[in-house]
Amino acid sequence: MYDFAFHRPTTVRQAAGLLARNPEAKLLAGGHSLLPVMKQRLASPSALIDLSLVEGLAGVEQKGRSIVIGAMTRHADVANSRVLQEVMPGLAMVPASIGDPQVRNRGTIGGSLANNDPNADYPAAVLGLGATIITNKRRIAADDFFTGLFSTALEEGEIITKVSFPIAKKAAYEKFKHPASGFALVGVFVSKRGSEIRVAVTGAGANGVFRVKSFEDALKKRFAAKSLEGMSIPATGLNSDIHGSAEYRAHLVGVLARRAVAKATA
Amino acid sequence: MSATGIGAAVRRKEDIRFVTGRGQYTDDIARPGETRAVFVRSPHARARIRQVDVSAAKNMPGVVDVLTGRQLAADKIGNLICGWMIHSKDGSPMKMAPHPALAAETVNFVGDPVAVVIAETVAQARDAAERVKVDYEVLPAVVDPAKARSGPQIHAVAPGNTIYEWALGDSKAVDAAFAAARHVTRLDIINNRLIPNAIEPRAALAEYDAGTDRLTLWNTSQNPHVARLVISAFVGLAPEHKLRVIAPDVGGGFGSKIFIYPEEVVCLWAARKLRRPVKWTAERSESFLADAHGRDHVTHAELALDAHGKILALRVKTIANLGAYMSTFSSSVPTYLYATLMSGQYDIPHIYCEVDAVYTNTVPVDAYRGAGRPEATFVVERLVEVAAREMGIDPAELRERNFIKSFPHQTPVIMTYDAGDYHASLKKAMELADVKGFNKRKRESARRGKLRGLGYSTYIEACGIAPSRAVGSLGCGVGLWESAEVRVNPTGTVEVLTGTHAHGQGHETTFAQLVSERLGIPIENVSVVHGDTDKVQFGMGTYGSRSAAVGMSALVKAIDKVIDKAKKVAAHMLEASEGDIEFKDGKFTVAGTDKSAAWGEVALNAYIAHKFAGQDLEPGLKETAFYDPTNFTFPAGCHICEVEVDAETGKTEIVNWTAVDDFGTVVNPMIVEGQVHGGIAQGVGQALLEGAVYDNNGQLVTGSLMDYTMPRAYDLPSFKVGLTETKSPSNPLGIKGCGEAGAIAAPAAVINAITDAIGSEDVSMPATAATVWAALQRVQPARRAAA
Ligand SMILES: Cc1cc2nc3c(=O)[nH]c(=O)nc-3n(C[C@H](O)[C@H](O)[C@H](O)COP(=O)(O)OP(=O)(O)OC[C@H]3O[C@@H](n4cnc5c(N)ncnc54)[C@H](O)[C@@H]3O)c2cc1C
């Protein structure tokens, strides 16, 4: 790790101000993506702006027909949230599947989304539910948020404050773990909210999370695993590495989508 | 059996220290004025070093010095060596290339150390290491052992990158047997390359005392005396009496800490040069790059059988990748620790095994838990299983038909098996595993869309390494006996000094159990000292499941000597003749009388020496013994693995594991069970998860735990563990050793189970979900076509 300055603002405004004054600075949430790359000397921010003392950034709340999760809410707190277990347990499956207890007790939803690791779990849920990312400046629809590998629509100095998930009657996540890292080799999130059906895939795409239109169309006829029988997606544009070929990932997308739908309709 | 003697499941004495964080590992030791070393390593698999510019680095804050390979050469520091000579079929000696501790002219693998930065803190050393400018001329590299012959030549001494072309057995007899065979089973096998990953990374701390002109090295070694010998006699840093090597608490080795590595040599050299202690502790990513890897064989194997499934002959051809340089014992692993086990548990009349060892631009490969024997077991147990399937004979039945049933048994590949009962372990394992109920379970799995399979591995290994004369005749540069010293204190407490070294095995408990039983004293009154060349005179260390079989045998001899001497002291005290003294349960008595003396009284008398004159009996109570085993020991057993494969994803779940092992005498069943569990976990790791991958440019793709899959608790079922017992006749306690069995047995059991489940032999290790799924894709169209 190289030297850096350390700031601990107590409001989003202060944090934004610090970011504006230090263009080489980085926000620090759970640190479980940022600190490892700093330790490997692959990132060298001039300053870290720790969000952990900022009031009001953590918590899971039901607001009307939405679940609103503060950016600094730890994975474990989302996974164990009572309201969420009641109104949309499918969403809780996502943070519950992340890493190990240490990671879940530190890592945050805001950090995960800002980071947009192509194998991360949360992006599947955000896109798979059509959530809205709320920042200190604006609201960004899930469909516009994820722009590629480790890249998002966030602009310089923009801070995620919360994420609003519409409550879907049926929702579930099915993850096939990367054998070594435990991230998603492939993860599929499915949801049905009225007539809106979403199928989002993480881990497989060379450009990160994506929706599967053909599956969504098939599920529109009937939201049942059977509707996806025998379906998979083309392997072109999917990741291929020592842990799985593009063909394997394409195949898994079909298998996991069927299993997720089965879970959501169980 | 006493409550703390041989056979008792005594809780490990050392665990209080370890689980409360009070262990003292090399990195925990701090010396006044200590500096920290960081190595500059090659980012290229093969390159010529044009120039190393250290000027910018030297000016960085906190930097004490920056040293390079050229300086090391100028100081005439010797090369690292491989200590086991192997001769090729044509009689020529193996081609050992020079291995300097810091590369001066060429680098030969990614991670090859080029320079070292010594600074006041690690962070400063790391900052400065980034400023060392190495000008490389990058050269083409070769990483695939199967292509090594035609690759660019790495070392001048080794044309075709060939280290040796060795063979064992009678090829003519084997050819004749194959010609007469009714059935031949053929397999192409890749024994995947593994990265050891002991939980404590390697470390070294070197200190020079100018007053006594003595060097001290604390290091993570499984065999500190061997380290001292090599560093003295070959590297030439200091004569043995001027070098002390201390291996304090060591957090796991699995073979990877047997070897003498560049970093410890460099720390010693630098400490003396700079007159400051120098400490280096590997980072995990350095461990991936620079610890010796294991396995890495490419093999073609053939088994010849008659119409009844009786094995007639075995023919094996292996290419073994030894990496960029020859590590300390690397030459022996694919030869005398491999081909000699090719007979398995079977009566095989003729065996021929050829092994070509090659250099590649990868980190050296050397012994890793099991060392050669897992590779051999995998070849034999896969062949036998596949042969049974091809011939339509039950795999257990085919094994039974071929088991060796009388002992001693001379195999065609050097070994003389001295004791065993292979039928007993197979039968017991089949019962514990409920093999009878397997078909029912398979149908039940099928109902859930899962493919169930069962695989056997009736393995054998050669442990208790090793009779010195035998290994000497095979080219080993050292003898493999062990030493023990028993020091009885005047109050009767005991210190045992052993030349073995514990790095997780629990010697502080098991060795004390033996003393407690033999001397009839509480186990708390015994402490075990190891890992310090100033305290223990000499010893060969711990590997090859040798510590109990060889080390405790030496201890038996030393205890016997102590008892003999104590009897003499007791005879003086009790005014009886020595022949009338009996010793039992910690008490000396005179036969036919009620006169007695307790252990502690005799110990005290031995030291105060009031009762005897100096001529016939020396004061004191301390004895040393060296023990050289008469043969290897041959632990063997049967592991049965049952898996369920998810046909849709290819994911394998191990649903049952049964291990029945014959380790001879068991000193501590709890510790033995732990060794079995750990061994199976490592074997399952090899079979399902682990595999080191270099890309074609020699970059290590699996360079961290994000890409290299170590087994986790959730990958493993609860094990059913059982024992059978035939005592080893080659040591006084009848011990065979248990440290490697699981890792040796497991891979074949897992792959036999998966291939049974999916109906295809076409599965390589690691059998990840993606691999098994791909295999399923290859068989399913064929099946559909057949249907
Ligand atoms: C061993 C291990 C296993 C893991 N396994 C998984 C897994 O299975 N699945 C998975 O999805 N993830 C996994 N992770 C990643 C984990 O979930 C991370 O915690 C998460 O991706 C990042 O969240 P964080 O709070 O730690 O963010 P940090 O590391 O603190 O920050 C990450 C990035 O986001 C930025 N950032 C943080 N907060 C905000 C904000 N509010 N607004 C704007 N930018 C912000 C930071 O500046 C930084 O660039 C694992 C991590 C580890 C170490």
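On a predicted model such as this, the values are computed, not experimentally measured, just so you know.

**Structural notes on the overall build of chain A**
Move 1: Broken down by element type, chain A carries 11 helices and 14 strands.
Move 2: In summary, chain A has a C-alpha radius of gyration of 18 Å against a globular reference of 18 Å for 266 residues, a match within 12%.
Move 3: The dimensions of chain A, computed from C-alpha atoms along their principal axes, are 55 × 45 × 30 Å.
Move 4: Counting across all 266 residues of chain A, residues that qualify as buried make up 54%.
Move 5: With 33 positive and 22 negative side-chain charges, chain A shows a separation of 6 Å between the mean positions of the two kinds.

**Topic: the sheet that holds strand β2 (residues 26–28) of chain A**
Residue and element names in this part refer to chain A.
Move 1: Spatially, the 3 strands line up as an open sheet ordered β1-β3-β2, and their pairing is parallel. Each edge of the open sheet carries a strand with a single partner, namely β1 (5–7) and β2. For this sheet the average axis-to-axis angle between neighbouring strands, irrespective of direction, equals 30°.
Move 2: Pairing of β2 with strand β3 (residues 47–50), which is carried by 3 bridges, proceeds in the parallel orientation. Within the sheet, the bridge partner assigned to Leu-27 lies in β3 and is Ile-49.

**Some points on the site of the ligand**
All names here are of chain A.
Move 1: The full set close to the ligand counts 28 residues, and Leu-27, Gly-30, Gly-31, Thr-108 and Asp-121 are the nearest of them.
Move 2: Between an oxygen atom of the ligand and a main-chain N or O atom of Gly-30, the distance comes to 2.7 Å.
Move 3: Between Lys-175 and the ligand, the recorded distance is 3.2 Å, taken from a side-chain N or O atom to an oxygen atom.
Move 4: The fraction of the free accessible surface of the ligand (960 Å²) that becomes covered by protein chains is 90%.
Move 5: Among the elements of the structure, β2 and α7 (109–115) are those that each provide at least two residues to the shell around the ligand.
Move 6: Classifying every residue of the shell around the ligand by side-chain character gives 13 nonpolar, 11 polar and 4 charged.
Move 7: Counting only domains with at least three residues in the shell around the ligand, you end up with domain 1 (1–52) and domain 2 (170–265).

**Examining the interface of chain B and chain A**
Move 1: The partner chain A presents 19 residues to the 21 residues of chain B that form the contact.
Move 2: Taking both sides of the interface into account, the surface hidden between chain B and chain A amounts to around 1,700 Å²; carbon and sulfur atoms contribute 55%.
Move 3: At the junction of chain B with chain A, the criterion picks out 4 salt bridges.
Move 4: Here chain B and chain A share 12 residue pairs in polar contact (both at pLDDT 80 or more) between them.
Move 5: Breaking the side of chain B that touches chain A down by element, the ones donating at least two residues are α4 (122–129) and α19 (769–786) of chain B.
Move 6: Partitioned by chemical class, the residues of the side of chain B that touches chain A number 10 nonpolar, 3 polar and 8 charged.

**Topic: empty space enclosed by the protein**
All names here are of chain B.
Move 1: For the structure on display, the rule yields 6 cavities of 30 Å³ or more.
Move 2: Within this model, the largest cavity holds a volume of roughly 140 Å³.
Move 3: Lining the largest cavity are 19 residues, and of these His-99, Tyr-261, Pro-262, Ala-290 and Pro-364 sit closest to its centre.
Move 4: A per-class count over the lining of the largest cavity returns 12 nonpolar, 4 polar and 3 charged.
Move 5: The volume enclosed by the second largest cavity comes to roughly 70 Å³.
Move 6: Every residue lining the second largest cavity is counted, 13 residues in all, and those nearest its centre are Phe-18, Ala-502, His-503, Gly-504 and Glu-508.
Move 7: Residue classes in the lining of the second largest cavity are distributed as 3 nonpolar, 5 polar and 5 charged.

**Notes on the packing of helix α9 (residues 373–391) of chain B against helix α18 (residues 741–758) of chain B**
Describing two packed helices takes the angle between their axes plus the distance from one axis to the other.
All names here are of chain B.
Move 1: At a minimum axis separation of 8 Å, α9 and α18 run at an interaxial angle of 30°. The angle between the axes of α9 and α18 places the two elements in the roughly parallel class. Like other packed secondary-structure pairs, α9 and α18 cross with a definite hand, here right-handed. In this structure, α9 uses Arg-373, Pro-374, Thr-377, Phe-378, Glu-381, Arg-382, Glu-385 and Arg-389 to contact α18, whose residues at the interface are Ala-743, Ile-744, Pro-747, Ala-748, Ile-751, Asn-752, Thr-755 and Asp-756.
Move 2: Partitioning the contact of α9 with α18 into residue classes produces 7 nonpolar, 3 polar and 6 charged.

**Some points on helix α16 (residues 599–608) of chain B**
Along an α-helix, residues three or four positions apart point the same way, because every turn accommodates 3.6 residues.
All names here are of chain B.
Move 1: Those residues of α16 lying buried are Trp-599, Val-602, Ala-603, Asn-605 and Ala-606. Summarising the axial view, the buried residues of α16 lie within an arc of 165°, below the 170-degree limit, and thus occupy one face.
Move 2: Of the residues one or two after α16, Ala-609 is the one with positive phi, at around 55°.

**Concerning unusual backbone geometry**
Move 1: The linkage connecting B:Phe407 with the following residue, B:Pro408, adopts the cis geometry, with an omega of -5°.
Move 2: On the secondary structure map, B:Pro408 appears in the loop between α10 (395–402) and β16 (409–410).
Move 3: Following B:Met765, the chain continues to B:Pro766 via a peptide bond in cis, the omega torsion being -5°.
Move 4: With respect to the element layout, B:Pro766 can be found in the loop between α18 and α19.
Move 5: Despite not being glycine, A:Arg41 has its phi angle at roughly 65°, a positive value.
Move 6: Assignment of secondary structure puts A:Arg41 in the loop between α2 (34–39) and β3.
Move 7: Note on A:Arg41: relative accessible area 13%, which makes it buried.

**Observations regarding the nonpolar core**
Residue and element names in this part refer to chain B.
Move 1: Among the nonpolar cores identified, the biggest contains 162 residues, and Tyr-164, Leu-314, Met-342, Leu-480, Trp-657, Val-750 and Ile-754 are the most heavily contacted of them.
Move 2: Sorting elements by how many residues they give to this core places α18 first, with 12 residues.
Move 3: Residue contacts for Trp-657: discarding those within four places in its chain leaves His-639, Ile-640, Cys-641, Ile-680, Val-684, Pro-717, Ser-718, Phe-719, Lys-720, Ala-746, Ala-749 and Val-750.
Move 4: By size, the runner-up hydrophobic cluster in this structure holds 51 residues, among which are Ala-8, Val-10, Val-494 and Ile-523.

**Here we look at the pairing of strand β14 (residues 311–321) of chain B**
Residues and elements named next belong to chain B.
Move 1: Of all 11 residues in β14, 8 are buried, a share of seventy percent or more.
Move 2: Between strand β13 (residues 297–305) and β14, which pair antiparallel in sequence order, lie 5 residues; one of them, Gly-309, sits at a positive phi of approximately 80°.
Move 3: As defined by bridge partners, β14 adjoins strand β15 (residues 350–358) across 9 bridges and the pair is classed as parallel. From the neighbouring strand, Lys-317 faces β15, where its bridge partner is Glu-354.

**Remarks on the packing of helix α14 (residues 507–519) of chain B against helix α15 (residues 547–573) of chain B**
Residue and element names in this part refer to chain B.
Move 1: Running from amino to carboxyl end, α14 crosses α15 at an angle of 35°, the nearest separation of the two axes being 10 Å. Crossing angle aside, the handedness with which α14 passes α15 is right-handed. In contact with His-507, Thr-510, Phe-511, Leu-514, Val-515, Arg-518 and Leu-519 of α14, α15 contributes Ser-547, Gly-551, Met-552, Leu-555, Val-556, Ile-559, Asp-560 and Ile-563.
Move 2: Residue composition of the contact of α14 with α15, by class: 9 nonpolar, 4 polar and 2 charged.

**Some words on the domain arrangement of chain B**
Residues and elements named next belong to chain B.
Move 1: In terms of domains, chain B is made up of domain 1 (35–139 + 202–281), domain 2 (140–191 + 293–404), domain 3 (416–456 + 635–787) and domain 4 (481–627).
Move 2: Computed from C-alpha coordinates alone, the two centres of domain 2 and domain 3 are separated by 20 Å.
Move 3: Domain 2 puts 29 residues into the contact, and the matching count from domain 3 is 34 residues.
Move 4: With both chains or domains summed, domain 2 and domain 3 bury close to 2,700 Å², and 54% of this area falls on carbon and sulfur atoms.

**Here's the deal with the sheet that holds β13(B)**
Residue and element names in this part refer to chain B.
Move 1: Taken together, 5 strands build an open sheet; the order of strands is β7-β15-β14-β13-β8 and the sheet is mixed. Of all the strands in the sheet, just β7 (162–169) and β8 (183–191) have a single pairing partner and so form its edges. Adjacent strand axes in the sheet meet at a mean angle of 10° when their direction is disregarded.
Move 2: Across the face of the sheet, α9 comes into contact with β8, β13 and β14 while running at roughly 140° to β8.

Each value, and the rule that gives it
Residues numbered from 1 in each chain as written. Chains lettered and ligands numbered in written order. Predicted model: local features only at pLDDT ≥ 70, side-chain atom pairs only at ≥ 80, totals over all residues. Heavy atoms only, no water. Helix = DSSP H or I, 4+ residues; strand = E, 2+ residues; numbered from the N terminus. Rg over C-alpha atoms; globule rule 2.2 N^0.38 Å. Buried < 20%, exposed > 50% of the residue type's maximum accessible area, 1.4 Å probe, protein only. Lys, Arg positive; Asp, Glu negative; His and termini not counted. Charge placed at Lys NZ, Arg CZ, Asp CG, Glu CD. Pairing = 2+ DSSP bridges. Axes fitted to C-alpha atoms, helices over the stretch in contact; angles between N-to-C directions. Near = heavy atom within 4 Å. Polar contact = N/O pair within 3.5 Å; in protein donor to acceptor, adjacent residues only side chain to side chain. Areas by Shrake-Rupley, 256 points an atom, 1.4 Å probe, with all protein chains shown as cover. Nonpolar A, V, L, I, M, F, W, Y, C, P; charged D, E, K, R; others polar. Domains from an automatic or database assignment. Contact = heavy atoms within 4.5 Å. Buried area = accessible area lost by both parts, 1.4 Å probe. Salt bridge = Lys/Arg side-chain N within 4 Å of Asp/Glu carboxyl O. 1 Å grid on protein atoms, 1.4 Å probe; cavity = no way out; pocket = protein on both sides within 12 Å on 5 of 7 lines; lining within 4 Å. Points joined across faces, edges and corners; volume = space filled by probe spheres on them. Parallel < 35°, antiparallel > 145°, perpendicular 65-115°, else oblique. Left-handed = near helix turned anticlockwise from the far one by under 90°. Arc of directions from axis to C-beta. Core = buried A, V, L, I, M, F, W, Y, C linked by side-chain atoms within 4.5 Å.

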